[in-house]
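Topology and contacts: notes
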Amino acid sequence: EVQLVESGGGLVQSGGSLRLSCAASGFTFSSHWMSWVRQAPGKGLEWVANIKQSGSEQYYVDSVKGRFTISRDNAKNALYLQMSSLRADDTAFYYCARGKDTVTPGYVDLWGRGSLVTVSS
Amino acid sequence: IRMTQSPSSFSASPGDRVTITCRASQSVSSYLAWYQQKPGKAPKLLIYATSTLQSGVPSRFSGSGYGTDFTLTISCLQSEDFATYYCQQYYTYPRTFGQGTEVEIK
């Protein structure tokens, strides 16, 4: 089955760190750009970061630059998001998502179910 | 690039033709996608490249526009279409979404 499954979310104190993981299956993971998109409870979608197939390029929204790191392990079909210096406004569901277009990254056609990160102040 | 959708929400009846507008603060060429999200679920890709329907998406959905002004049209609203819709530009970084348009049952 083609799917993405996030893990690693939970409750963390402000200033703390957390690593999200996303396990991919059912497709050739190494052929796709991958992204993280988040959604604060009851709010809209916010693109967080994406990473090229080889891992050689990563892009971030300004609000997480220097605090979050996206990475991948193609041998394990896994995507990661290392989050540090967490703030209350990082509280959200974090979705792992697959880029549809292997050349023009940016829109995604497969989403995980999301992992909730709650940052307490 | 700021993406602004209008309206933010509205009520409609099954069978209605509905249109949602998305405006970009600067040109995004045709690099525009639309997603549908239902409560408690992950978003679903409907349209990319402004007007290309994602596989499996019903033909009652269509998209148009170029540059800064885009529309998503549902030609005949079905009960399963009541949801929140988001536009997203992928012309430049950071990728940005509109604030969402909630379509409610009248």
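What you are looking at is a predicted structure, and each value in this text was computed from that prediction instead of being measured.

Quick look at the overall build of chain A now. From N to C terminus, chain A includes zero helices and 11 strands. The linear arrangement of helices and strands in chain A, starting from the amino end, is β-β-β-β-β-β-β-β-β-β-β. Its C-alpha atoms give chain A a radius of gyration of 13 Å, near enough to 14 Å, the size a compact globule of 121 residues would have. Seen along its three principal axes, the alpha-carbon backbone of chain A occupies a region of about 40 × 30 × 25 Å. Within the span of chain A, comprising 121 residues, buried residues form 49% of the whole. Pairs at least 24 residues apart make up 54% of the contacts formed inside chain A by residues separated by at least 6 positions. Computed over 12 positive and 10 negative side-chain charges, the separation of the two mean positions in chain A equals 2 Å.

Residues and elements named next belong to chain A. Summed over all chains, the structure comprises 10 salt bridges over all chains. Residue R38 pairs with E46 through a salt bridge whose shortest N-O separation is 2.7 Å. Each of R38, E46, R67 and D90 takes part in one network of salt bridges that share partners.

A separate point is the interface of chain B and chain A. Between chain B and chain A, the contact holds 17 residues from the first and 22 residues from the second. Across the chain B/chain A interface, buried area totals approximately 1,600 Å², and carbon plus sulfur atoms make up 66% of it. Considering only the surface of chain B that becomes buried against chain A, Y93(B), R95(B) and F97(B) emerge as the three largest contributors, covering 33% of it. Here chain B is connected to chain A by zero salt bridges. Our count for the contact surface shared by chain B and chain A stands at eight residue pairs in polar contact (both at pLDDT 80 or more). Of all the secondary-structure elements, those providing two or more residues to the side of chain B that touches chain A are β4 (32–37), β5 (44–48) and β9 (84–89) of chain B. Sorting elements by how many residues they give to the side of chain B that touches chain A places β4(B) first, with three residues.

Residues and elements named next belong to chain A. As summarised here, the arrangement of the four strands in space is β1-β3-β8-β7, forming an open sheet in which the pairing is antiparallel. Two strands lie at the open edges of the sheet, namely β1 (3–7) and β7 (68–73), each paired on one side alone. Sheet twist, expressed as the average angle between the axes of neighbouring strands with direction ignored, equals 15°.

Definitions and cut-offs
Residues numbered from 1 in each chain as written. Chains lettered and ligands numbered in written order. Predicted model: local features only at pLDDT ≥ 70, side-chain atom pairs only at ≥ 80, totals over all residues. Heavy atoms only, no water. Helix = DSSP H or I, 4+ residues; strand = E, 2+ residues; numbered from the N terminus. Rg over C-alpha atoms; globule rule 2.2 N^0.38 Å. Buried < 20%, exposed > 50% of the residue type's maximum accessible area, 1.4 Å probe, protein only. Contact = heavy atoms within 4.5 Å. Lys, Arg positive; Asp, Glu negative; His and termini not counted. Charge placed at Lys NZ, Arg CZ, Asp CG, Glu CD. Salt bridge = Lys/Arg side-chain N within 4 Å of Asp/Glu carboxyl O. Buried area = accessible area lost by both parts, 1.4 Å probe. Polar contact = N/O pair within 3.5 Å; in protein donor to acceptor, adjacent residues only side chain to side chain. Pairing = 2+ DSSP bridges. Axes fitted to C-alpha atoms, helices over the stretch in contact; angles between N-to-C directions.

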